[in-house]
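Below, each chain spelled out in residue letters.
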Amino acid sequence: QVQLVESGGGLVQAGGSLRLSCAVSGRTFSTYAMGWFRQAPGKELEFVAAISWSGGYTFYADSMKGRFTISRDNAKNAVYLQMNSLKPEDTAVYYCAADDPPYSGNYYYKDEYDYWGQGTQVTVSS
């Protein structure tokens, strides 16, 4: 059974930073591609960022490029999302997700992912 647990969310002022973490247990973490998604109230789930199993490739939604950084530590079974220059429109529940091989490469799509965490709330005040 694969479990994903997000942490690090909270309330921050606009322009501030947060670092989200996702701890993964279960099967071999280093074989998973990992992604972050978010869902704001009344809106659909939105792709944020993804990282390949090796960490050698990263992918970002256009609105997050230059502000957010995804990384992973395979020794710690963890993936991170560093969020800088936060805006009120970044307010959402943030989810991490794991993509079990084989990979299709469609990291931007939620259906690519096999396992999901429960989410962590990020609130950015203006």
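Going by the structure above, here's the rest.
Not measured: the values here are computed from a predicted model.

Brief notes about the packing of aromatic side chains
The geometry of an aromatic ring pair is captured by two quantities: the separation of the ring centres and the angle between the planes. Per the stated rule, a full pass over the model turns up eight aromatic pairs. Between Tyr-32 and Tyr-115 the ring centres are 6.0 Å apart and the planes differ by 50°, which places this aromatic pair in the tilted class. Here Tyr-115 lies in strand β10 (residues 115–116) and Tyr-32 lies in the loop between β3 (18–25) and β4 (33–39), a separation of 83 residues in the sequence. Geometrically, the ring pair formed by Phe-59 and Tyr-108 is edge-to-face, given 6.3 Å between the ring centres and 75° between the ring planes. On the criterion of sequence distance, the pair formed by Phe-59 in strand β6 (residues 58–60) and Tyr-108 in the loop between β9 (92–99) and β10 is long-range, its members being 49 residues apart. By relative accessible area, Phe-59 is classed as partly exposed at 22%. A relative accessible area of 41% places Tyr-108 in the partly exposed class. By the ring-pair criterion, three or more aromatic residues cluster together here, those being Phe-37, Phe-47, Phe-59, Tyr-107, Tyr-108, Tyr-113 and Trp-116. Note that Arg-19 overlies the ring of Tyr-80, its terminal NZ or CZ placed 4.0 Å from the centroid. Between the NZ or CZ atom of Arg-72 and the centre of the ring of Phe-29, over which it lies, the distance is 4.4 Å.

Structural notes on the pairing of strand β1 (residues 3–7)
Residue alternation in β1 divides its side chains into a buried set, Leu-4 and Glu-6, and an unburied set, Gln-3, Val-5 and Ser-7. Pairing between β1 and β3: five bridges, direction antiparallel. Residue pairing across strands places Val-5 opposite Ala-23, the latter belonging to β3.

Section: the pattern of salt bridges
Note on pairing: side chains with opposite charge can pair once their charged atoms come close. Within the structure shown, the criterion is met by five salt bridges. A salt bridge links Arg-38 to Glu-46, with the nearest nitrogen and oxygen atoms 2.8 Å apart. Exposure remark for Glu-46: the relative accessible area of 32% places this residue in the partly exposed category. Between Arg-38 and Asp-90 there is a salt bridge, with its nearest N and O atoms 2.8 Å apart. Of the two residues, Arg-38 is situated in strand β4 and Asp-90 in the loop between β8 (78–83) and β9; the sequence distance between them amounts to 52 residues. The exposure class assigned to Asp-90 is buried, which follows from its relative accessible area of 0%. In this structure, a network of salt bridges that share partners links the residues Arg-38, Glu-46, Arg-67 and Asp-90.

About the thresholds
In every chain, residue numbers begin from 1 and rise along the written sequence. Residues qualify for local features only when their pLDDT is at least 70, as the model is predicted, and side-chain atom pairs are given and counted only at 80 or more; totals for whole chains, interfaces and linings, by contrast, use all residues. Water and hydrogen atoms play no part in the side-chain values, which are based on all heavy atoms of the structure. Centre distance within 6.5 Å is the pairing criterion for rings of Phe, Tyr and Trp, where only the six-membered ring of Trp is used; planes under 30 degrees apart are then read as stacked, over 60 as edge-to-face, and the remainder as tilted. Going along the chain from the N terminus, every DSSP run of H or I of four or more residues is numbered as a helix, and every run of E of two or more is numbered as a strand. Each residue is placed in one exposure class: buried if its accessible area under a 1.4 Å probe, protein chains only, is under 20% of its type's maximum, exposed if it is over 50%, and partly exposed if it falls in between. Placement of a charge over a ring requires the Lys NZ or Arg CZ to be within 6 Å of the ring centre, with the centre-to-atom vector within 35 degrees of the ring normal. Here, any two strands with at least 2 DSSP bridges between them count as paired. Here, a salt bridge means any side-chain nitrogen of Lys or Arg that lies within 4 Å of a carboxyl oxygen of Asp or Glu.

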